[in-house]
Amino acid sequence: MDVKSQSRYHEVYARAQKDPEGFWAEAAREIDWIEPAKRIFDPKEGVYGRWFTGAVCNTCYNALDRHVARGRADQTAIIYDSPVANAKRRFTYAELLDEVKALAATLQDFGVTKGDRVILYMPMVPEAAIAMLACARIGAVHSVVFGGFAARELATRIDDAKPKLILSASCGIEVGRVVPYKPLLDEAIKLARSKPHACIILQRPQAEAAMIGGRDHDWAALREQAKRTGKSADCVPVLATDPLYILYTSGTTGIPKGVVRDNGGHMVALKWSMQHLYGIDPGEVWWTASDVGWVVGHSYIVYAPLFHGATSILYEGKPVGTPNAGAFWRVISEHGAVALFTAPTAFRAIKKEDPQGTFFGRYDLSKFRTLFLAGERADPDTLVWAENLLHVPVIDHWWQTETGWCIAGNPMGLGQLPVKHGSPTVPMPGYDVQIVDEAAKPVPANKMGSIVIKLPLPPACLPTLWQQDARFRESYLTEFPGYYKTADAGFKDEDGYLYIMGRTDDIINVAGHRLSTGGIEEVLASHPDVAECAVIGIKDSLKGEVPCGFVVLKSGVARAPNAIEREIVQLVRDKIGPVAAFKLAITVARLPKTRSGKILRGTMKKIADGDSWTMPATIDDPAILDEIGASLKEHGVGA
Ligand code: COA
Ligand code: AMP
């Protein structure tokens, strides 16, 4: 069967290229607007133009109210399934709306108004989604910080976003371990220069938090009071171009980038994607196994499925260990999910524990149609393993925190294109993706280059960085004028399929989480015994990549290197958080450098990964690379 000829993809993509405004104006009909856009795209607004200028809307209205008004009141909106808290709960659209209205009114009582920032430092509980929607309802700008980040990272985000209020919980629950959040929150507020007016804390029975009088308020008590007194907030009209949220992501320094998402374009693109990319019908059960702290969680646990009137599973657990490698199959079958979206690392974890897929046969997955993977390159081994086990299409797709939705994928709703292993398939409508050389000249098919996107970016992509237009320009728009720099490298084949091979900057991808090696180096350098350091990402069969730090100690340091290495590992955990998965610090006598003093991180990575490498012509002292190889071997790497 010629799958390609049945897909409407090429026709739809061409239409979006030829007439972007017409294309997105049509997609925008799926959204309820308070006032329509004056212009679909205004090239004179913002840094590179803005979508849906002049339109007035409310994101929460489109996620909840309109569905309640139009027959979905009793349909389940969110299924919370938590093997770690041993809890399951369902919220209908009407129930979720009630919860959101009450919390939104409570936020208003604390003085939160349109444009104010609210930080959410939350585990994967329904209250996290309720809080995001409550902010959206009143035009407040939420900024969710992933629970695996340490106090210092949270403090950096507090200082940048300057929130009026912080919403948090007493703890998160990891496999066999309760993680108290409150001490981290207290420490972060202590470290931050900008102090929130108040905190609302969700007490969880697994670890109750001590409250600070005058600042901390009990979430349940506020909810109870709001319900008792019939508090309810109406939707506050906002401009389509107003910010809905800020999501911080790793930059090339320790200071994260505050990616801004707007209201209008975000709704239009995400709603479009549910039907045409993911092939989901309203009313179906959809599951994204990620975390609300990541962009995938924002877009596809909370917003897109609700814009679409689907049912979204919010899962607080892991692919393995909660309690076993059958956890994903259990959730899919129990709730009748038609599709799952997760990171390849989750499947590597399942494959490692249950290579034969013995758990799989115990569940009925008859409704399950598609597996979507993103967050890191889907390695063909894992992809083929999943295909053979699931007997459904396994779709890799590529995107970034910055874009908020898929850049390249296989549009199931338009008709699936043939899958080529190792490729996330083709650009989505609105993305003109090109592969260029250093001079910004397009390179021929199958040749590696920098991946850039011709401006303007489609709706939902970041219009700027939070209050940092100059950093936005400098980070993304300056190097290739007229284009957005993805900082990914790769190539396009003769059929226009994209292959994403790696980053061109110092970002590494650890278990689908994005980390800056520069940020980790800053922490290593802060250790009093460290003279200089270098951090690289090395291959890992489970997490894809893990960070590895090399340190040169200051002369005269007489302490045992392995004691210092342990301290450094702990320092990264304390300053960045367990999510960095930093377990390997190696003391070396010296670092390999070019004659101009540039550390040869690329060559060190090749040695660690066991890849072939050539001696850099500009190396200062070739013997150092042998020393690095020997040190790695001593630590069980690259043997
Ligand atoms: N709060 C506190 N700590 C957290 C946390 C949270 N929300 N999330 C993770 N951590 C901790 C983990 O417990 C672990 O701690 P440890 O060093 O004490 O073991 C550490 O951070 C690293 O976490 P992670 O990289 O997630 O590793 P893991 O061993 O716990 O799990 C996987 C590995 C593959 C099972 C897991 O990463 C996973 O399910 N990933 C796929 C889904 C996903 O998250 N995708 C992201 C974007 S799509
Ligand atoms: P994040 O912003 O955390 O979503 O990370 C974005 C980065 O993850 C991208 O720039 C890529 O380097 C990588 N990435 C995400 N999805 C894919 C994919 N499907 N294939 C290859 N790399 C990916």
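Residues numbered from 1 in each chain as written. Chains lettered and ligands numbered in written order. Predicted model: local features only at pLDDT ≥ 70, side-chain atom pairs only at ≥ 80, totals over all residues. Heavy atoms only, no water.

*Asks:* Looking at this structure, I do not really get the site of ligand 1. What am I missing?
*Replies:* Around ligand 1, the surrounding shell holds 24 residues, and the nearest of these are Glu174, Arg177, Lys543, Arg573 and Lys583. Pro578 has a polar backbone atom sitting 3.4 Å from an oxygen atom of ligand 1. Burial of ligand 1 by the protein amounts to 84% of the accessible area it has alone, namely 930 Å². Across the shell around ligand 1, the residue classes tally to eleven nonpolar, seven polar and six charged. (Near = heavy atom within 4 Å. Polar contact = N/O pair within 3.5 Å; in protein donor to acceptor, adjacent residues only side chain to side chain. Areas by Shrake-Rupley, 256 points an atom, 1.4 Å probe, with all protein chains shown as cover. Nonpolar A, V, L, I, M, F, W, Y, C, P; charged D, E, K, R; others polar.)

*Asks:* For this particular structure, what's the right way to read the domain arrangement of the protein?
*Replies:* Many analyses report the size of an interface as the accessible area lost when the parts associate. In terms of domain boundaries, the protein breaks down into domain 1 (9-317 + 397-486) and domain 2 (507-634). Domain 1 and domain 2 are separated by 34 Å when their C-alpha centres are compared. Counting residues at the interface gives 17 residues for domain 1, matched by 16 residues for domain 2. Together, the buried faces of domain 1 and domain 2 total about 1,200 Å²; carbon and sulfur atoms form 49% of this surface. Per-residue buried area on domain 1 facing domain 2 is highest for Arg152, Ser250 and Trp294; these three make up 37% of the total on that side. On the surface where domain 1 and domain 2 come into contact, there are one salt bridge. For Glu402, the salt bridge identified is with Arg514, shortest N-O distance 2.8 Å. For the interface between domain 1 and domain 2, the tally reads five residue pairs in polar contact (both at pLDDT 80 or more). At three residues, helix H7 (residues 151-161) tops the list of elements feeding residues into the side of domain 1 that touches domain 2. (Domains from an automatic or database assignment. Contact = heavy atoms within 4.5 Å. Buried area = accessible area lost by both parts, 1.4 Å probe. Salt bridge = Lys/Arg side-chain N within 4 Å of Asp/Glu carboxyl O. Helix = DSSP H or I, 4+ residues; strand = E, 2+ residues; numbered from the N terminus.)

*Asks:* Please clarify how the packing of helix H13 (residues 344-353) against helix H14 (residues 380-390) should be interpreted in this entry.
*Replies:* One way to put it is that H13 packs onto H14 with a least axis distance of 10 Å and a crossing angle of 70 degrees. Here H14 runs roughly perpendicular to H13, going by the angle between their axes. Where H13 crosses over H14, the handedness of that crossing is left-handed. Taking contact as the criterion, the partners of Pro344, Phe347, Arg348, Ile350 and Lys351 in H13 are, on H14, Asp381, Thr382, Trp385, Ala386 and Leu390. Of the residues in the contact of H13 with H14, the class split is six nonpolar, one polar and three charged. (Axes fitted to C-alpha atoms, helices over the stretch in contact; angles between N-to-C directions. Parallel < 35°, antiparallel > 145°, perpendicular 65-115°, else oblique. Left-handed = near helix turned anticlockwise from the far one by under 90°.)

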